[in-house]
Amino acid sequence: MSAPASPTPRVRFAPSPTGYLHVGGARTALFNWLFARRQGGTFVLRIEDTDVERSSTDMVTGILEGLTWLGLDWDEGPGVGGPHAPYFQSERLDRYRAAARELVAAGRAYYDFGGPSKRGDAAAADDGSYERRYDRDAALAVTPDEVQRRLVAGEAHAIRFLVPPGETAFADLVHGEVRFDNAHIEDFVVLRSDTYPTYHLSVVVDDIDMAITHVVRGDDHVSNTPKQVLLYQAFAAAVPQFAHVPLIMGTDKKRLSKRHGATSVTEYERQGYVPEAMVNFLALLGWSPGGDVELMSTADLIGRFALEGISTGNAVFNTEKLDWFNHQYLTRRSDDDLAALLRPWFERAGLWHDDLAGARRSWFHEVLGLLRPRAKKLGEFVEGATPFLSAPRDYDADGRAKHLGAPDLAAHLTALGDAFRTLEPFTEASLEQGLRGVAEARGVKAGVLIHATRLAMTGRTVSPGLFEMLRLLGRDEVVARLGRMTATL
C-alpha cells in the first residue's frame with residue numbers, strides 16, 4: 001500500500017464512540033480543523049468504533065453534535081461521505097484483515113498460536129478475547145507447513161508484527177526528533193484472535209488509505225507512534241508528519257477528569273456557554289498566537305494558527321477563564337442576537353411570551369442590558385430576568401430574617417407604595433429620591449426600605465440596580481408587589 005500524493009494537508013480527527021466528546025478530544029479536533037482551514041487542506045472525521053462492546057450509536061450522535069455545536073465542519077466523514085469511504089472502522093474490518101495477511105506474506109508479521117494465559121478461562125478461550133500466552137521464540141519456530149495445518153484446522157491465533165532490530169525515529173513538529181530503541185518494543189499484536197484489528201493496525205491502514213499527511217493528537221500517543229511508524233514502513237507508505245499536543249490538566253495539575261467538573265462538550269452547551277467562547281478558550285489551551293491577544297474570532301484563529309505555536313507543556317483547564325471568555329462574547333452580542341439566543345432558554349423555563357419579540361421587545365432588551373454586566377452564562381440571564389417576568393411566590397428565608405424584622409415595616413412599605421403610586425416621573429432618579437424621602441419622613445434608614453423593597457420585587461437579597469429594576473417593572477407592578485409583601489407582614 002502507498003499513500004497517494006496530496007498537494008495540500010489532509011488531517012483527521014478519529015474519536016472512539018465509547019463516550020461523548022471530551023474537551024480534550026474537542027481541542028484535538030479544533031487544532032486539526034484550524035490547521036486544515038489555515039492551509040486550505042482537508043479535515044477528515046473518522047469514527048474508530050471497533051470496540052463493539054463499548055461503542056454505541058448514541059455516542060456517535062453525541063460526538064457529531066458536539067463538533068457541530070463548535071462549528072467544526074468536516075470535509076469527509078459521516079453524513080458527508082468522500083472518496084475514501086467508509087469512515088466507520090466497523091465497516092472496514094475486511095480491509096484490516098487483508099492488511100494483516102499482507103504483512104505476514106511480506107515476512108513483516110507472523111501467526112501466534114499461543115494459548116490462553118493462566119489468567120484466562122474456558123469462556124474466554126471460546127470467544128477469543130482472552131489474554132494470550134506469548135512465547136516469541138516458539139511462535140517464530142513454527143514451520144510454514146505447520147502454520148498452514150493449524151490454520152486449516154481453525155486453530156485460534158493472533159497475528160503479531162515482527163519488530164526489526166535497531167532504532168525507530170520520527171520528527172515531531174512539537175517536540176522535535178524522537179527516538180525509540182526497538183529492543184524495548186515487543187512484537188505487538190495487529191490482529192487479535194477474534195479477528196478484530198488492534199488500534200495500531202486499523203489507524204495506520206486508515207491513515208494510508210485516506211492519504212493523511214499530518215497526525216495531530218495528544219501527547220499520550222507518543223509511545224504508540226514508533227509502532228505505527230514501523231507499520232507505515234512495512235507497508236512501504238509515506239510516514240505522515242506528527243504533532244503531539246500537550247495534555248489538558250485540571251487546576252490541581254492532574255489530568256482533567258469529572259472531578260474537575262464537566263468534561264463533555266455537550267454539557268458545556270447545556271450549562272449555557274456559547275460555542276465561539278468555547279472555541280476561543282480551547283484554542284489557547286496549549287497554543288499561542290504570540291503576544292498578549294486573547295479574544296479572537298474563529299476567522300482570527302484560522303488566520304493565525306500554526307503548529308509551531310503549540311506548547312510542549314501541559315495546559316490547564318481553568319473554568320473561571322472559560323467563564324470570562326463566555327462573558328466577553330455575551331456582552332458583545334447585539335440585543336437582537338442575544339434575545340434570539342436566549343429565547344429557547346426562556347421557553348424551557350416557561351417564561352417566554354411572544355410579545356417579548358413584539359410589543360415589549362425594547363423593554364426586554366433593556367432587561368437583558370441590565371443583566372449583561374453580571375451574567376456569565378445563558379442560564380444566568382434567565383435567572384436574573386425571572387423577577388421581571390414573574391412575581392416572587394416566596395421570599396428568601398435568610399433575607400426575611402435579616403431585612404423584614406424592622407419595627408413598623410408594614411406601615412413604612414404602605415407609605416412607600418402610596419408615594420410610588422403618585423410619583424411623577426417614574427424614573428430611576430425620582431424613585432430613589434422618593435424612597436429616601438419616605439425613609440426620612442418616617443425616621444428610618446433608607447437601607448431598611450431598600451432591602452425590603454428588593455425582597456418584595458425579587459424574593460432575593462441580590463438583584464441588579466434596584467431603581468433601574470423598579471422603573472422597568474413599572475408603577476402598577478411595583479405597587480402591587482409592595483402590597484403583597486405588606487400583607488405577609
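What to know about the overall build of the protein
Step number 1: Along the backbone of the protein there are 21 helices and 11 strands.
Step number 2: Compactness check: the protein gives a C-alpha radius of gyration of 32 Å against a globular reference of 23 Å for 489 residues, more than 25% above the reference.
Step number 3: Expressed as lengths along the three principal axes of its C-alpha atoms, the size of the protein is roughly 110 × 50 × 40 Å.
Step number 4: By the burial criterion, 49% of the 489 residues in the protein qualify as buried.
Step number 5: Residue pairs at least 24 apart in sequence account for 75% of intrachain contacts in the protein once pairs closer than 6 positions are excluded.
Step number 6: Total accessible area on the protein stands at roughly 22500 Å², and carbon and sulfur atoms take up 49% of it.
Step number 7: Side chains of the protein carry 55 positive and 65 negative charges; the gap between the two charge centres is 3 Å.

Some details on the packing of aromatic side chains
Step number 1: Here the structure, examined in full by the defined rule, presents 13 aromatic pairs.
Step number 2: A centroid spacing of 5.6 Å and a plane angle of 65 degrees characterise the contact between phenylalanine 170 and phenylalanine 242, whose relative ring orientation is edge-to-face. Note that phenylalanine 170 is positioned in strand β5 (residues 167-172) and phenylalanine 242 in strand β9 (residues 241-245), a separation of 72 residues in sequence. Across the pair, phenylalanine 242 and phenylalanine 170 agree in class, each one buried.
Step number 3: Seen in terms of ring centroids, phenylalanine 281 and phenylalanine 317 are 4.9 Å apart; in terms of plane orientation they differ by 90 degrees. Their pairing is edge-to-face. Residue phenylalanine 281 is located in helix α10 (residues 275-283), and its partner phenylalanine 317 is located in the loop between β11 (315-316) and α12 (319-331); the two are separated by 36 residues in the primary sequence. Each of the two residues, phenylalanine 281 as well as phenylalanine 317, counts as buried.
Step number 4: Of the aromatic side chains, those joined through ring pairs into one cluster are Tyr268, Tyr273, Phe281, Phe317, Trp324 and Phe325.
Step number 5: A cation sits over an aromatic face here: arginine 348 above tryptophan 345, 4.9 Å from the ring centre.

Side note on the sheet that holds strand β7 (residues 189-191)
Step number 1: Across the sheet, which stays open at both edges, the 3 strands sit in the order β3-β4-β7 with antiparallel pairing between neighbours. Where the open sheet ends on each side, the last strands, each with one partner, are β3 (109-112) and β7. Looking at each pair of strands side by side, their axes are set apart by 40 degrees on average, direction ignored.
Step number 2: Of the strand pairs in this sheet, strand β4 (residues 158-161) and β7 are connected by 2 bridges, and their pairing is antiparallel. Considered in β7, the bridge of isoleucine 159 is made with leucine 191.
Step number 3: Along the sheet face, helix α3 (residues 93-105) touches β3, β4 and β7 and points at about 105 degrees away from the line of β3.

So, α3
Since the α-helix turns once every 3.6 residues, residues separated by three or four places project in the same direction.
Step number 1: For α3, spanning 13 residues, the distance from its first C-alpha to its last is 19 Å, which sits close to the expected 18 Å at 1.5 Å a residue.
Step number 2: Those residues of α3 hidden inside the fold are in contact with β3, β4, β7, α7 (199-209) and α8 (225-234).
Step number 3: One or two steps after α3, the chain reaches glycine 107, where phi turns positive at roughly 75 degrees.

Some points on the environment of alanine 36
Step number 1: Counting through the fold element by element, alanine 36 comes out in helix α1 (residues 23-39).
Step number 2: On the basis of relative accessibility, which here comes to 1%, the residue alanine 36 falls in the buried class.
Step number 3: Each C-alpha atom, one on alanine 36 and one on glycine 434, is 63 Å from the other, the two residues being 398 residues apart in sequence.

Brief notes about helix α13 (residues 335-348)
Step number 1: The end-to-end C-alpha distance of α13, which contains 14 residues, comes to 20 Å, matching closely the 20 Å that a straight helix rising 1.5 Å per residue would cover.
Step number 2: The largest bend along α13 measures about 40 degrees and falls at leucine 342, with the proline proline 344 one to four residues further on.
Step number 3: Listing the buried residues of α13 in full gives Leu338, Ala339, Leu342, Trp345 and Phe346.
Step number 4: Looking at the buried positions of α13, the neighbouring elements they touch are α9 (265-270), α12, α14 (361-371) and α15 (378-389).
Step number 5: Glycine 350 lies just past α13 and shows a positive phi near 70 degrees.

Focus on the confidence of the model for the protein
If pLDDT is low for a region, its predicted coordinates should not be looked at in detail.
Step number 1: Predicted confidence across the protein gives a mean pLDDT of 92, with 93% of residues reaching 70 or more.
Step number 2: Across residues 1-6 the pLDDT falls below 50, and counting only partners more than four positions away or on other chains, this stretch makes 16 contacts in the model.
Step number 3: Here residues 116-132 is modelled with pLDDT under 50, and outside its nearest four sequence neighbours on either side it reaches 27 contacts, counting other chains as well.

Brief notes about the pattern of salt bridges
Step number 1: Using the criterion set out here, one finds 37 salt bridges in the structure.
Step number 2: For the salt bridge of glutamate 48 with arginine 46, the shortest nitrogen-to-oxygen distance reads 3.3 Å.
Step number 3: What makes arginine 46 buried here is its relative accessible area of 0%.
Step number 4: With a shortest N-O distance of 3.2 Å, arginine 179 and glutamate 177 are connected by a salt bridge.

Rules used throughout
- Residues numbered from 1 in each chain as written.
- Predicted model: local features only at pLDDT ≥ 70, side-chain atom pairs only at ≥ 80, totals over all residues.
- Heavy atoms only, no water.
- Helix = DSSP H or I, 4+ residues; strand = E, 2+ residues; numbered from the N terminus.
- Rg over C-alpha atoms; globule rule 2.2 N^0.38 Å.
- Buried < 20%, exposed > 50% of the residue type's maximum accessible area, 1.4 Å probe, protein only.
- Contact = heavy atoms within 4.5 Å.
- Areas by Shrake-Rupley, 256 points an atom, 1.4 Å probe, with all protein chains shown as cover.
- Lys, Arg positive; Asp, Glu negative; His and termini not counted.
- Charge placed at Lys NZ, Arg CZ, Asp CG, Glu CD.
- Phe/Tyr/Trp six-rings, centres within 6.5 Å; stacked < 30°, edge-to-face > 60°.
- Lys NZ or Arg CZ within 6 Å of the ring centre and 35° of its normal.
- Pairing = 2+ DSSP bridges.
- Axes fitted to C-alpha atoms, helices over the stretch in contact; angles between N-to-C directions.
- Expected span 1.5 Å × (residues − 1).
- Bend = angle between axes of the 7 residues up to and from the residue.
- pLDDT = per-residue confidence, 0-100.
- Salt bridge = Lys/Arg side-chain N within 4 Å of Asp/Glu carboxyl O.

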